[in-house]
Amino acid sequence: MEAVKRPWYRIKKAQMSFLCALCGSQRQMSLRSRPSVRNYIQMTLLISLVCALLWPWMDYRGLVFAPFIWVLWELIHYGLFRRQLPCPHCGFDVAWYAKDVRVAKRKVREFWEKLD
Ligand SMILES: [Zn+2]
């Protein structure tokens, strides 16, 4: 399989830079799979804001929403990360390759069929 030669664009504030395992093109991602220190600070501020808004009704019991906010935030973050993961040049998704090689092959095949 020959990779489609397309220029790659530099992402502002790239968190990861690597080569695609299938086509060898340069890749950059703006998100990491795990939250950074900055993300933990953002989550803490968001939880504090929610608790402050609920304080008149729930006092400190507003903290009961903290784990739900945390889980929701992690799910959204990981979803955005997974959305960036497939290679735009060949369709290779390393997360699917680690889980199930057949699915990864099918996704690459579908990517190439869409180009035809
Ligand atoms: Zn690729």
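To be clear, the structure that these remarks concern was listed above.
Predicted model only: the values in this text are computed from it and were never measured.

### Some points on the overall build of the protein chain
The helix and strand inventory of the protein chain stands at 4 helices and 2 strands. The N-to-C order of helical and strand elements in the protein chain reads β-β-α-α-α-α. On C-alpha atoms alone, the protein chain measures out to a radius of gyration of 19 Å, which is more than a quarter above the 13 Å that the 2.2 N^0.38 rule sets for 116 residues. With the C-alpha coordinates aligned to their principal axes, the bounding extent of the protein chain is approximately 60 × 30 × 20 Å.

### Section: the environment of Arg27
Relative to the assigned elements, Arg27 resides in strand E2 (residues 26-29). By the C-beta count within 10 Å, which is 22 here, Arg27 ends up buried. Sequence separation of Arg27 and Pro86 is 59 residues, and the distance between their C-alpha atoms is 10.0 Å. Leaving out residues up to four positions away in the same chain, Arg27 has contacts with Phe18, Leu19, Cys20 and Cys87.

### Thoughts on the pairing of strand E1 (residues 16-19)
Where E1 and E2 come together, 4 bridges link them in antiparallel fashion. Each residue of the ladder has a partner; that of Ser17, found in E2, is Gln28. Following E1, the chain reverses through 6 residues before pairing antiparallel with E2; Gly24 in that reversal takes a positive phi of roughly 80°.

### Some remarks on helix H1 (residues 37-58)
Bending of H1 peaks at approximately 35° at the position of Ala52, with proline Pro56 no more than four residues after it. Counting buried residues along H1, only 0 of its 22 residues qualify, which leaves the element largely exposed. Of the residues one or two after H1, Asp59 is the one with positive phi, at around 50°.

### Some thoughts on the environment of Gly91
Inspection of the secondary structure assignment puts Gly91 in the loop between helix H2 (66-84) and helix H3 (94-99). A tally of 20 C-beta atoms within 10 Å means that Gly91 is categorised as buried. For the pair Gly91 and Val108, spaced 17 residues apart in sequence, the C-alpha to C-alpha distance is 5.0 Å.

### Describing unusual backbone geometry
Note: most residues except glycine have negative phi, and most peptide bonds are trans. Located in the positive-phi region is Asp59, a residue other than glycine, with phi close to 50°. For Asp59, the position within the fold is in the loop between H1 and H2. A residue is classified by how many C-beta atoms lie within 10 Å of it, and Asp59, with 10 of them, is exposed.

Thresholds applied
Residues numbered from 1 in each chain as written. Predicted model: local features only at pLDDT ≥ 70, side-chain atom pairs only at ≥ 80, totals over all residues. Helix = DSSP H or I, 4+ residues; strand = E, 2+ residues; numbered from the N terminus. Rg over C-alpha atoms; globule rule 2.2 N^0.38 Å. Buried ≥ 20, exposed ≤ 12 C-beta atoms within 10 Å, placed from the backbone. Contact = placed C-beta atoms within 7 Å. Pairing = 2+ DSSP bridges. Bend = angle between axes of the 7 residues up to and from the residue.

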